[in-house]
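A structural walkthrough
As a plain string of letters, each chain reads:
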Amino acid sequence: MTPTSIYLIFAKLLQLISSAGDLSFDDINTNQSPPYSIHLPVVDQNNPVKMLKFFFVAALVPALVMANVNFRACPNGAPTPTSLTVNACSGSECILVAGQPVNARANGIVSPVGSATATAHIVARVAGLDVGLELPAELENACLAGLVGGCPVVAGTAFDYVLLDDSLDVPARDIPVEIEVGLTGDGGVALACVLFDARIQ
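A separate point is the nonpolar core. Among the nonpolar cores identified, the biggest contains 38 residues, and Val86, Leu96, Leu147, Tyr161, Ile179, Leu183 and Phe196 are the most heavily contacted of them. For this core, the elements supplying multiple residues, two or more each, are strand 1 (83–86), strand 3 (102–110), strand 4 (119–126), strand 6 (158–165), strand 7 (175–184) and strand 8 (190–200). Looking at this core, the element that brings in the most residues is strand 8, giving six residues.

Turning next to the state of the cysteines. Under the counting rule described, the total for this entry stands at three disulfides. Note on cysteine connectivity: Cys143 is disulfide-linked to Cys151, with sulfurs 1.8 Å apart. What sets the handedness of the Cys143 and Cys151 disulfide is the S-S torsion sign, and at about -75 degrees it is left-handed. Relative accessible area serves as the criterion here: at 19%, Cys143 is assigned to the buried category. Listing the disulfide partners of the protein by sequence rank of the bonded cysteines yields 1-6, 2-3, 4-5.

Structurally, Glu178 is set in strand 7. Not counting residues within four places of it along the chain, the set of residues in contact with Glu178 comprises Arg72, Val123, Ala124, Arg125, Leu195, Phe196 and Asp197. There is a polar contact of 2.9 Å between the side chain of Glu178 and the side chain of Arg72.

Looking now at the sheet that holds strand 7. Spatially, five strands are ordered 2-8-7-4-5 in an open sheet, and the strand pairing comes out mixed. Looking at strand neighbours, the two that pair on one side only are strand 2 (95–96) and strand 5 (129–130), the edges of this open sheet. Where strand 4 and strand 5 come together, two bridges link them in antiparallel fashion. Counted as the bridge partner of Val126 is Leu129 from strand 5.

Turning our eyes to something else, we now look at the sheet that holds strand 3. Ordered in space as 1-3-6, the three strands form an open sheet in which the pairing is antiparallel. Looking at which strands have only one partner, the edges of the open sheet turn out to be strand 1 and strand 6. When strand polarity is set aside, the average angle formed by the axes of neighbouring strands in this sheet is 10 degrees. Of the strand pairs in this sheet, strand 1 and strand 3 are connected by four bridges, and their pairing is antiparallel. Pairing of Val86 across the sheet is with Ala104, part of strand 3.

Looking at the protein as a whole, the pLDDT averages 79, with 67% of positions reaching at least 70. Note that residues 22–43 has pLDDT below 50 and, in this model, 49 contacts with residues that lie over four places away or in other chains.

What follows is about unusual backbone geometry. Cis geometry is adopted by the peptide bond preceding Pro152, which originates at Cys151 and carries an omega value of 10 degrees. You can see Pro152 is positioned in the loop between strand 5 and strand 6. Even without being a glycine, Asn87 presents a positive backbone phi close to 45 degrees. Positionally, Asn87 belongs in the loop between strand 1 and strand 2. Given a relative accessible area of 8%, Asn87 falls into the buried group.

Moving on: empty space enclosed by the protein. What the rule picks out here adds up to two cavities of 30 Å³ or more. Lining the largest cavity we find 15 residues, and of these Leu84, Ala106, Tyr161, Val181 and Val194 sit closest to its centre. Every element with two or more residues in the lining of the largest cavity is listed here: strand 3, strand 6, strand 7 and strand 8. Across the lining of the largest cavity, the residue classes break down as 13 nonpolar, one polar and one charged. Quantified by volume, the second largest cavity comes out at close to 70 Å³.

About the cut-offs
Within every chain, residues take consecutive numbers counted from 1 along the sequence as written. Selection of residues for local features in this predicted model requires a pLDDT of at least 70, selection of side-chain atom pairs for listing and counting requires 80 or more, and totals for whole chains, interfaces and linings are taken over all residues. With hydrogens and water excluded, all non-hydrogen atoms of the structure serve as input to the side-chain values. Here the nonpolar core consists of buried residues drawn from Ala, Val, Leu, Ile, Met, Phe, Trp, Tyr and Cys, with membership extended through side-chain atoms lying within 4.5 Å. Here's how the labels work: a residue is buried when its accessible area is under 20% of the maximum for its type, exposed when over 50%, partly exposed in between, all with a 1.4 Å probe on protein chains only. Here a strand is any run of E in DSSP of at least two residues, a helix any run of H or I of at least four, and the numbering for each starts at the N terminus. To count as a disulfide, a pair of cysteine sulfur atoms needs to be within 2.5 Å. Contacts are assigned to residue pairs that have any heavy atoms within 4.5 Å of one another. Any N or O atom pair separated by 3.5 Å or less is treated as a polar contact, with the protein-specific requirement of one donor-capable and one acceptor-capable atom, and with residues adjacent in sequence counted only for side-chain atom pairs. Should DSSP find at least two bridges between two strands, the strands are regarded as paired. Note on geometry: axes are C-alpha line fits, over the in-contact stretch for helices, and angles between N-to-C directions span 0 to 180 degrees. Known as pLDDT, the predictor's confidence for each residue is given on a scale from 0 to 100. Put simply, the grid is 1 Å and covers the protein atoms alone, a cavity is a trapped set of points that fit a 1.4 Å probe, a pocket is an open set with protein on both sides within 12 Å along at least five of seven lines, and lining residues have an atom within 4 Å of a point. Grid points are joined across faces, edges and corners, and a volume is the space filled by probe spheres set on the points. Under this grouping Gly is polar, as are all residues other than the nonpolar Ala, Val, Leu, Ile, Met, Phe, Trp, Tyr, Cys and Pro and the charged Asp, Glu, Lys and Arg.

Have a look at this one:
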């Protein structure tokens, strides 16, 4: 099942929930393209029926809209996360659109070494050749933008990393690529790194 079909099923589910009562979802767009967004309504906390519906929907949003992406370790042997989500990608199917936002999250990274700093990098390759994907300068310092809770990275303690890029900046289009995202700490030590496959349109 593709991310698009998952989103459409979820949107229809929300509409059915809405039609069964007086909980309204005004911002569901079944014609929307990735990355998807669904706006949950403001609910009357004194109405138990509405609150029950709201919590049911809120619990389904991350499970259905953000699916895990298949990934593999980098050649440098850096730690990998327990899970990775990228936009509405699922499994080995990941389509990224140049000029559109990228929302990625790596959960449960455990580094064997600590670091007071963390520098992020991203590379996209075709047959081993760099195609020119660039990380905005303001996102390079992962202590300020990326590491949930900031620095330092504590050895043996799990941490999460979030990449929120407002506009994917890459010159090459409509090609399958291997994307590498990594974090480097004090003295160039590798704190984390993942590889995943995608197609940039």
